[in-house]
Amino acid sequence: MKSFDTNGAFADNYKFLIGSILPRPIAVVSTVNESGTNNVAPFSFFTAVSASPMIVAFCPMIRSSTGTIKDTPRNIFREKEFVINIASEGIIEKINMTSTELPYGEDEFVLSGLTPIDSEKIKAKRIKECLIHFECIYRDHLSYGDKPGAGMIITGEVVKVHIAEEILEDHRIITKKLKPVGRGVGNDYFRCDDTFELSRLMKAQIQK
Ligand SMILES: Cc1cc2nc3c(=O)[nH]c(=O)nc-3n(C[C@H](O)[C@H](O)[C@H](O)COP(=O)(O)O)c2cc1C
């Protein structure tokens, strides 16, 4: 096996991290800039944390090109709110465009052609084309340094969920209708149209 210590270059750690932990779901996070304009960016270091209260987390790193904090956490720390929009296949190219490093204050809705719509409980806009929206209130964060590539984890309490009727059957989300995409290593993405079922063994079954 190839083995390595993790105290070397950021890029080495990063490429093995994203090649090992995959496919990763993609949160498209919308926030409000200081001037009131919108900001949108995708984050694949993203997970569920708690069902009740409903908490989600994502992880922006210090920008490797400039060593500065990204616009998304900058906005969240000031406004204390954000929307997580779930990425899906039909709009992944537009979502990819929102990852462009625009100067602070410029609106990635405009660049990508995605459509902003009002949220119900917070000021940050939702993305109309996304099939699931979580309106989130900032809960807390942990930072792991201020060097390029250093990460932080930001958690948010989901105070309102919006799900497109077209992906629901009997109050359940149908994966084949949502068509989520996952991020892989480099520029790879995953489609999620090859699923299989596996039941969990319960204690009673094991003891038989
Ligand atoms: C699909 C995808 C997933 C990404 N995931 C992350 C991530 O988890 N963490 C991160 O720091 N950057 C991630 N990026 C890069 C950011 O989206 C990019 O740095 C963006 O410019 C940040 O925008 P902001 O400054 O408006 O917050 C990802 C990019 C893409 C295309």
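Because the structure is a prediction, the values reported are computed rather than measured.

Novice: Would you mind going over the overall build of the chain with me for this structure?
Specialist: Within the chain one finds six helices and 14 strands. On C-alpha atoms alone, the chain measures out to a radius of gyration of 18 Å, which is about the 17 Å that the 2.2 N^0.38 rule sets for 208 residues. Taken along the three principal axes of its C-alpha coordinates, the chain extends 60 × 50 × 30 Å. Here the chain, with 208 residues, has 37% of them falling under the buried criterion. When the accessible surface of the chain is split by element, carbon and sulfur atoms take 53% of a total near 12,700 Å².

Novice: What is the right way to look at the sheet that holds strand S6 (residues 81–86) in this model?
Specialist: Backbone hydrogen bonds are what pair the strands of a sheet, in a parallel or an antiparallel way. Across the sheet, which stays open at both edges, the seven strands sit in the order S3-S2-S6-S9-S10-S5-S4 with antiparallel pairing between neighbours. Taken across any chain shown, the strands that pair with only one partner, and hence form the sheet edges, are strand S3 (38–43) and strand S4 (46–50). The mean angle between the axes of side-by-side strands here comes to 35 degrees, regardless of whether they run parallel or antiparallel. In this structure, strand S2 (residues 27–32) lies alongside S6, joined through four bridges in antiparallel fashion. What sits directly across from Ser-30, in S6, is Val-83.

Novice: Got a minute to help me understand the nonpolar core in this structure?
Specialist: Grouped burial of nonpolar side chains is what soluble globular proteins tend to show. Core analysis: the biggest nonpolar cluster contains 22 residues, and Val-29, Phe-58, Phe-82, Ile-84 and Phe-134 have the highest contact counts within it. When contributions to this core are tallied by element, the ones reaching two or more residues are S2, S3, strand S5 (55–58), S6, strand S9 (132–143) and strand S10 (152–163). Top contributing element to this core by residue count: S9, with four residues. In contact with Phe-58, other than residues within four places in its own chain, are Val-29, Phe-43, Phe-45, Phe-46, Thr-72, Ile-76, Phe-82, Ile-84, Met-152, Ile-153 and Ile-154. Grouped together as the second largest cluster of nonpolar side chains are twelve residues, Ile-26, Phe-109, Leu-114 and Ile-127 included.

Novice: Is there a simple way to explain the layout of surface pockets in this structure?
Specialist: Space left empty within the atom packing is revealed by a probe, the size of a water molecule, rolled over the atoms. One number sums up the size of the largest pocket: a volume of about 770 Å³. Taken together, 36 residues make up the lining of the largest pocket; nearest its centre are Tyr-14, Pro-42, Lys-70, Ser-99 and Arg-183. Sorting elements by how many residues they give to the lining of the largest pocket places S3 first, with five residues. When the residues that make up the lining of the largest pocket are grouped by side-chain class, the tally is 17 nonpolar, twelve polar and seven charged. The computed volume of the second largest pocket comes to approximately 420 Å³. Around the second largest pocket, the lining comprises 19 residues; the ones closest to its centre are Phe-10, Asn-13, Leu-17, Gly-149 and Ala-150.

Novice: Before we go on, may I ask you to explain the sheet that holds strand S1 (residues 24–25) in this structure?
Specialist: Spatial ordering of the open sheet is given by S1-S13-S14, a layout of three strands whose pairing is antiparallel. Edge positions in the open sheet fall to S1 and strand S14 (189–191), since each of these has one partner strand only.

Novice: Teacher, can you tell me more about the site of the ligand here?
Specialist: With respect to spatial proximity, 21 residues lie near the ligand, and among them Ser-44, Met-61, Arg-63, Lys-70 and Thr-72 are the closest. Taking Ser-44, its main chain carries an N or O atom lying 2.8 Å from a nitrogen atom of the ligand. Between the ligand and the protein, one listed contact pairs an oxygen atom with a backbone N or O atom of Met-61 at 2.8 Å. Coverage of the ligand by the protein chains reaches 93% of its 640 Å² of free accessible surface. Here the ligand occupies the largest pocket. Of all the secondary structure elements, the ones that give two or more residues to the shell around the ligand are S3 and helix H2 (71–79). Per element, the largest residue contribution to the shell around the ligand is four residues, and it comes from S3.

Novice: Whenever I open this one, the side chain of Thr-98 confuses me. Can you help?
Specialist: As for its position among the elements, Thr-98 is in the loop between helix H3 (92–97) and helix H4 (108–112). Note on Thr-98: relative accessible area 1%, which makes it buried. The contact partners of Thr-98, leaving out residues within four places of it in the chain, are Val-28, Val-40, Ala-41, Pro-42, Glu-108, Ser-112 and Leu-114.

About the cut-offs
- Residues numbered from 1 in each chain as written.
- Predicted model: local features only at pLDDT ≥ 70, side-chain atom pairs only at ≥ 80, totals over all residues.
- Heavy atoms only, no water.
- Helix = DSSP H or I, 4+ residues; strand = E, 2+ residues; numbered from the N terminus.
- Rg over C-alpha atoms; globule rule 2.2 N^0.38 Å.
- Buried < 20%, exposed > 50% of the residue type's maximum accessible area, 1.4 Å probe, protein only.
- Areas by Shrake-Rupley, 256 points an atom, 1.4 Å probe, with all protein chains shown as cover.
- Pairing = 2+ DSSP bridges.
- Axes fitted to C-alpha atoms, helices over the stretch in contact; angles between N-to-C directions.
- Core = buried A, V, L, I, M, F, W, Y, C linked by side-chain atoms within 4.5 Å.
- Contact = heavy atoms within 4.5 Å.
- 1 Å grid on protein atoms, 1.4 Å probe; cavity = no way out; pocket = protein on both sides within 12 Å on 5 of 7 lines; lining within 4 Å.
- Points joined across faces, edges and corners; volume = space filled by probe spheres on them.
- Nonpolar A, V, L, I, M, F, W, Y, C, P; charged D, E, K, R; others polar.
- Near = heavy atom within 4 Å.
- Polar contact = N/O pair within 3.5 Å; in protein donor to acceptor, adjacent residues only side chain to side chain.
- Sits in = over half its atoms within 2 Å of the grid points.

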